Amino acid sequence: MALLEVKDLSIHFGGLKAVDSFYLKIEKNQLYGLIGPNGAGKTTVFNLLTGVYKPTSGEARLDGKIISGKKTADVNKMGVARTFQNIRLFNNLSVLDNVKTGLHNQTRYSMLTGILKLPGYFKKEAEMDKKAMELLEVFDLHNEAQTLACNLPYGKQRKLEIARALATNPKLLLLDEPAAGMNPNETQELMDTIRFIRDKFDMTILLIEHDMRLVSGICEEITVLNFGQVLASGETSEVLKNPEVVTAYLGE
Amino acid sequence: MKQGSRLSNMKKSTKTNGITYLMLLVAFIVVQIFTATDSMTNLIKGLLVPACIYIIMAVSLNLTVGILGELSLGHAGFMCVGAFASSFFSVCMRDVITSEWVRFPLAIIIGGVVAALFGFIVGIPVLRLRGDYLAIVTLAFGEIIKNLMNVLYVGLDSNGFHFSMKGTTDLGMEADGKVIVKGALGITGTPRDSTFVVAFILVVITVFVVLNVVNSRQGRAIMSIRDNRIAAESIGINITKYKLMAFVVSAFFAGIAGVLYSHNIATLTATTNNFGYNMSIMVLVYVVLGGIGNIRGSIIAAVILTVLPELLREFSDYRMLVYSLVLIFMMLFSSSPAMVNFREKLSLKGKNKSKKEKGVA
């Protein structure tokens, strides 16, 4: 059974069909790309999958359980984590605290334990510190653990956002334009990181990207979206040769 | 390095919190010395409990404004609820529970819990709003509570409690009845149980709870909502729950401040100056001047701004002029880069900190 199965997913804003009859099937441990021209509805698909929008019709299932139409926080608890096109970090918290916030539902203790600083507090906090530092090390951010998130350079902020998403222990990771604003070197490094995450955490990744070098470099399969509808889907190299896709991207 | 930075994280919060507790302890000892040597004027003596009340108000409001990041203008409303609930209890129980060591702690708990309950009831609809809208609704709540207290009549006789919104005659009580809450005349005869020591203990408890909440898993969730609501939701944080949690804790301590207030005066009435808009704004001024999100700053600002106007009473003509000048200078200088650097130097003095960490602090 596919890890993520989306069938006939649509959302209409008034007369505008932002996403129409969208379908997608991602197997476990796959690296999947979602591409399309500006305004095609890629981020809207992400918002539908994470409960930011409720679909007009259709459904998305993760491991057989319906995730579409649920609350964002609940979708995350079911195993979907995401990053954002315009970075959304907790700017006034330290890098370490950003990741520890991601661990919120992984390591729990009651409010009373926190207020009275019972022994459980120190134990769980140390556990969280350890987990968070391990994650930061993966992204080479461990030396900046005490820096405020807003003081990080752009590339590292992107990485921190991925680290925070991974801290929620997801089954499926959604990356919204992870390479936006990165130079070719940084993009290359990011490609290695994404592959590494997939292998180390046994993760399934769905990403939106405009950088064709990154898409053709790491995505095994892709879906092309145009005007809210699926234009083509399948193996990356095949789809990119499709004349319709070329037309949508480059014009006649 | 890994181990080191992890330790420094724990140390940093423990250290800054330690300074706050130390500051409170020193203040307490100084006051005790002055009391023992009897070198305090009556004016200052009379300000001790109010200063504690305002510290509790400022610190608890800072939880809503600074940590949760929502502007609430109805904090005095919760203080009002706590004051009336506890005063009502104390007056009723005055003859039943004669020991103030039992009655007053119970009154404190009742005042806090009733205020927290109001925080919960008000919070559910209000916290759906954000920014200016939340400010306006909380402002209205504060005024409604104050006005409600002005028309509330409660009497007690052999048949139990009687409530009315019209007047004492409308209560329809037996001859042995006693009116406890007399509308605009308020509650009289509340035992004056508030002492500086009790007030100080409550200040320490408030600061302790608020600081520990900030440094806990729940506090991180609350701050993440402040920094980025959408991202907080995306990592599985229940926004409503944690907003409500911060709001209710904040209301609880405002209620406790109300208990101290009502047990420090003979006649409790709800006026604009004590429970109205003026009070809410004044507490907000403490929070803003002390630094939004800065608990220690709230304490210092509350003390200075409580004591200063009274000390300036001799120069009554120029009192408000100096007060406003102090406000302006505090605003200008407390967060100016030079002052921030100076404070950083002070806190890092004698410590071999790496440059990187200095940039963070």
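The structure reproduced in this document is the subject of the present report. Note that the structure is a prediction, hence the values are computed from the model and not measured. (Residues numbered from 1 in each chain as written. Chains lettered and ligands numbered in written order. Predicted model: local features only at pLDDT ≥ 70, side-chain atom pairs only at ≥ 80, totals over all residues. Heavy atoms only, no water.)

## As for the packing of helix α2 (residues 42-67) of chain B against helix α6 (residues 196-214) of chain B
To describe two helices that pack against each other, one gives the angle between their axes and the distance between the axes. Residue and element names in this part refer to chain B. Closest axis-to-axis distance for the α2/α6 pair is 8 Å, and the angle between their directions is 15°. Put simply, α2 runs roughly parallel to α6. Crossing handedness for the pair α2 and α6: left-handed. Of α6, the residues touching α2 (which contributes Leu-48, Val-49, Cys-52, Ile-55, Ile-56, Val-59, Leu-63 and Ile-67) are Phe-196, Ala-199, Phe-200, Leu-202, Val-203, Thr-206, Val-207, Val-210 and Val-214. Here the residues of the contact of α2 with α6 sort into 16 nonpolar, one polar and no charged. (Axes fitted to C-alpha atoms, helices over the stretch in contact; angles between N-to-C directions. Helix = DSSP H or I, 4+ residues; strand = E, 2+ residues; numbered from the N terminus. Parallel < 35°, antiparallel > 145°, perpendicular 65-115°, else oblique. Left-handed = near helix turned anticlockwise from the far one by under 90°. Contact = heavy atoms within 4.5 Å. Nonpolar A, V, L, I, M, F, W, Y, C, P; charged D, E, K, R; others polar.)

## Notes on a nonpolar patch on the surface
A cluster of nonpolar side chains, B:Phe315, B:Tyr318, B:Leu321, B:Val322, B:Leu325, B:Ile328, B:Phe329, B:Leu332 and B:Phe333, forms an exposed patch at the surface whose accessible area comes to about 910 Å². Following the sequence through the fold, B:Tyr318 ends up in the loop between α12 (295-311) and α13 (319-334). (Patch = residues over 30% accessible without salt bridge, like charges linked within 9 Å, V, L, I, M, F, W, Y side chains within 5 Å. Areas by Shrake-Rupley, 256 points an atom, 1.4 Å probe, with all protein chains shown as cover. Salt bridge = Lys/Arg side-chain N within 4 Å of Asp/Glu carboxyl O.)

## Details of the pairing of strand β2 (residues 16-26) of chain A
Residues and elements named next belong to chain A. As judged from the seven bridges shared by strand β1 (residues 4-13) and β2, these two strands associate in the antiparallel manner. Within the sheet, the bridge partner assigned to Ile-11 lies in β2 and is Val-19. The hairpin formed by β1 and β2 contains two residues between the paired strands, and Gly-14 there has a positive phi angle of roughly 60°. (Pairing = 2+ DSSP bridges.)

## Digging into the interface of chain A and chain B
At the junction of the two partners, chain A supplies 41 residues and chain B supplies 35 residues. Of the roughly 3,600 Å² buried between chain A and chain B, counting both surfaces, carbon and sulfur atoms make up 59%. In terms of surface lost to chain B, no three residues of chain A exceed A:His104, A:Met111 and A:Gln146, which account for 19% of the buried area on that side. The salt bridge involving B:Arg220 is made with A:Glu125; its shortest N-O contact spans 3.1 Å. Counting the contacts that link chain A with chain B gives 14 residue pairs in polar contact (both at pLDDT 80 or more). Of all the secondary structure elements, the ones that give two or more residues to the side of chain A that touches chain B are α2 (72-78), β6 (80-82), α3 (95-102), α4 (111-116) and α5 (119-138) of chain A. For the side of chain A that touches chain B, the leading source of residues is α5(A), giving seven residues. Each residue belonging to the side of chain A that touches chain B can be placed in one class, and the counts come to 13 nonpolar, 16 polar and twelve charged. (Buried area = accessible area lost by both parts, 1.4 Å probe. Polar contact = N/O pair within 3.5 Å; in protein donor to acceptor, adjacent residues only side chain to side chain.)

## Considerations on the sheet that holds strand β9 (residues 221-226) of chain A
All names here are of chain A. The six strands lie next to each other as β6-β7-β8-β3-β9-β10, forming an open sheet whose pairing is mixed. Strands at the two margins of the open sheet, each flanked by one partner only, are β6 and β10 (229-235). Going across the sheet, the axis of each strand differs from the next one's by a mean of 15°, ignoring polarity. Against the sheet, helix α1 (residues 42-49) contacts β3 (31-35), β6, β7 (172-176), β8 (204-208) and β9, and its axis sits at roughly 140° relative to β8. Across the sheet, helix α10 (residues 243-250) touches β3, β9 and β10, and the angle it forms with β10 is around 125°.

## Points about the side chain of A:Arg158
Examined against the element boundaries, A:Arg158 turns out to sit in helix α6 (residues 154-167). Setting aside anything within four residues of it in sequence, one finds A:Arg158 in contact with A:Phe84, A:Gln85, A:Ile87, A:Asp176, A:Glu177, A:Pro178, A:Ala180 and A:Met182.

## Some words on unusual backbone geometry
Residue and element names in this part refer to chain A. The phi angle at Lys-117 is positive, at roughly 50°, despite the residue not being glycine. Looking at where Lys-117 falls in the secondary structure, it is placed in the loop between α4 and α5. Unusually for a residue other than glycine, Asp-202 sits at a positive phi of about 55°. Of note, Asp-202 is situated in the loop between α7 (184-200) and β8. Judged by its relative accessible area of 40%, Asp-202 is partly exposed. (Buried < 20%, exposed > 50% of the residue type's maximum accessible area, 1.4 Å probe, protein only.)

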